[in-house]
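As a plain string of letters, each chain reads:
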Amino acid sequence: MTNDQFDTLRLELRRGCVPLAVLAELGKERYGYTLRKSLIEKGMAIDEGTLYPLLRRLEAQGLLVSEWREEEKRPRRFYQLSAEGRRILDRLIAEWKALSASLAGIIKESNDGSR
Amino acid sequence: MDLVDRYLNAVGFWLPKDRKEDILKELAEDIRSEMEEKEAGLGRPLTQAEVEALLKRRGRPSLTASRFLPSRHLIGPSLFPMYVFALKIAGLIWFVAALILPLVFSLVLASRSSSFADALGESISSSWTLALTWFALITVGFAVAESVQDRPGSGLNWKPSRLPAVKNLRRVPRASSLAEVLFGVFIFSWWMGMFRVPGVTPEEIELLRLPESPLWLSLRGPFLLPIALLLLAGIVLAVISLVRPQLSRWRVSARAALDAVTAGLITAVLLTHKDEIHGALRGLKGLREAGEGMAKLHILRDWVLSNVLFVVALGSFISCIAGVVKLARWSRETGPCPH
């Protein structure tokens, strides 16, 4: 497998996790740049071209609320989970745990079988 | 106006008016924050080259803007394979009917002075608008189908029971063989002059008949018997397929051979009379000027006859090629090969 193929598959694998990571990070109010930095520091690299459209989509779905405020003499848009977003986040976390457990089982079987 | 403003201005060009200001404000804030952080790390303002590199990493303005827009497509993934298939079929038809056919007509039948390059140039120049029109019509048709199909829930609006049956390509439907037999018998009877109209004498029919053209006389003369034999052979093959619908290699080979002989024979007729055919084709252009009714009928008759012969020759040739391809595929497959 070439590096390109690996990168493509890795990107596909991570893409599905991004909304969950963003929702989880927005339990606390943040604006776009600090959110992106926080995600990168925690190992979830995301570029601004993905993050901002996603934030807008999640807000349009009613999962986030946002407001423009002045901070350090600059207007910044702050995002936070809505009540509906909190409920969805809890369900997504449960789903993620179940999925993670399933995958762990599948990978363990695969490893045992290949030995 | 600095580079960042120019970048934002370029991004804004592609954004919808109602969301443009809001998106650009947030994007500007993100870029300025990133620049500030880098400047704090370096302890100096960013150079023009560093700003340029920062913007370049974010992507072209149109790409950046597109990420904020809903994903849209003219023809979606479910219809795209059908769209490509339709384009391929249309392209094949165009290639044969609009490009090759006129080219062959021009080379074989037209005056000797025209070179291949001239004929090809003329054929392309007269058919490219047709190609573009077909492409546009097919694209618009599929775009309309996509807009209708792309409604919520439309993906579930289908019935598996309506899917077409799996075709057995090695089996000829009996209805098709029967139709071929009946049509063959009809054409053969007509060709051999077996039809009689009750109550009408041969003299009365003769009065209705137009003066024979050299092309027609040739067909009814030296080519009468060979054409009759080809028609008979076709009837025999159709009868065999009617009785035994499962195709065999020898029958596919016989059909291809029959098609090859038909194509060759009609081509021989066309080449023998190419001057008359050329005259007939040119004559159609002067149809308006042809004064008398009978003269017009002569021109039309020769024109129709020439075209029918050409289409029969081409159809037989294509059918022959299809038979050869079928045989080649048959040879490659590992399935049962009845002889």
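Quick caveat: nothing in here was measured; it's all calculated off a predicted structure.

1. A closer look at the pairing of strand β2 (residues 64–71) of chain A
The side chains of a regular strand alternate between the sheet's two faces. With eight bridges connecting them, β2 of chain A and strand β3 (residues 74–81) of chain A associate as antiparallel partners. The residue bridging V65 of chain A from the neighbouring strand is Q80 of chain A, located in β3 of chain A.

2. Structural notes on the confidence of the model for chain A
Counting all residues, the mean pLDDT for chain A is 91, and 97% of those residues have values of 70 or more. Confidence, read as mean pLDDT per element, is least for helix α1 (residues 3–15) of chain A in chain A (88) and greatest for helix α2 (residues 18–25) of chain A (96).

3. Quick notes on the interface of chain B and chain A
Between chain B and chain A, the contact holds 15 residues from the first and 16 residues from the second. Summing the contributions of chain B and of chain A, the shared interface buries around 1,600 Å²; its carbon and sulfur component is 45%. Remark: the boundary between chain B and chain A carries 11 salt bridges. Residue R56 of chain A pairs with E26 of chain B through a salt bridge whose shortest N-O separation is 2.8 Å. Only α2 (17–42) and α3 (48–58) of chain B provide two or more residues apiece to the side of chain B that touches chain A. Sort the elements by how many residues they give to the side of chain B that touches chain A and α2 of chain B lands first, with 11 residues. Split into classes, the residues belonging to the side of chain B that touches chain A amount to two nonpolar, one polar and 12 charged.

4. What about the packing of helix α1 (residues 3–13) of chain B against α3 of chain B?
Residues and elements named next belong to chain B. The contact between α1 and α3 brings their axes to 10 Å, and the two run at 20°. Taken as axis vectors, α1 and α3 run roughly parallel relative to one another. Both α1 and α3 take part in a crossing whose hand is right-handed. Contacts from L3, V4 and Y7 of α1 reach α3 at Q48, V51, E52, L55 and R58. A per-class count over the contact of α1 with α3 returns five nonpolar, one polar and two charged.

5. Regarding helix α3 (residues 32–41) of chain A
Buried within α3 of chain A we find G32, Y33, L35, R36, S38 and L39 of chain A. Against the buried residues of α3 of chain A lie α2, β1 (30–31), α4 (48–60) and β3 of chain A together with α2 and α3 of chain B. Remark: G43 of chain A follows α3 of chain A within two positions and exhibits a positive phi of approximately 90°.

6. A closer look at a nonpolar patch on the surface
Side chains of W96, L99, L103, I106 and I107 of chain A sit close together on the surface and give an oily, nonpolar patch of about 490 Å² of accessible area. Examined against the element boundaries, W96 of chain A turns out to sit in helix α5 (residues 83–114).

7. Some thoughts on the pairing of β3 of chain A
Within β3 of chain A, six of the eight residues are buried, which leaves it mostly tucked inside the rest of the structure. Between β2 of chain A and β3 of chain A, which pair antiparallel one after the other, the connecting turn spans two residues, and E72 of chain A there sits at a positive phi close to 50°.

8. Overview of the pattern of salt bridges
By the definition in use, this model includes 28 salt bridges over all chains. Two residues, K42 of chain A and E25 of chain A, come together in a salt bridge whose shortest N-O distance is 2.7 Å. In this pair, K42 of chain A is assigned in the loop between α3 and α4 and E25 of chain A in helix α2, connecting sequence segments 17 residues apart. Relative accessible area serves as the criterion here: at 57%, K42 of chain A is assigned to the exposed category. Connected through shared salt-bridge partners, R36 and E48 of chain A together with D30, E34, R57 and R58 of chain B make up one network.

Calculation rules
- Residues numbered from 1 in each chain as written.
- Chains lettered and ligands numbered in written order.
- Predicted model: local features only at pLDDT ≥ 70, side-chain atom pairs only at ≥ 80, totals over all residues.
- Heavy atoms only, no water.
- Pairing = 2+ DSSP bridges.
- Helix = DSSP H or I, 4+ residues; strand = E, 2+ residues; numbered from the N terminus.
- pLDDT = per-residue confidence, 0-100.
- Contact = heavy atoms within 4.5 Å.
- Buried area = accessible area lost by both parts, 1.4 Å probe.
- Salt bridge = Lys/Arg side-chain N within 4 Å of Asp/Glu carboxyl O.
- Nonpolar A, V, L, I, M, F, W, Y, C, P; charged D, E, K, R; others polar.
- Axes fitted to C-alpha atoms, helices over the stretch in contact; angles between N-to-C directions.
- Parallel < 35°, antiparallel > 145°, perpendicular 65-115°, else oblique.
- Left-handed = near helix turned anticlockwise from the far one by under 90°.
- Buried < 20%, exposed > 50% of the residue type's maximum accessible area, 1.4 Å probe, protein only.
- Patch = residues over 30% accessible without salt bridge, like charges linked within 9 Å, V, L, I, M, F, W, Y side chains within 5 Å.
- Areas by Shrake-Rupley, 256 points an atom, 1.4 Å probe, with all protein chains shown as cover.

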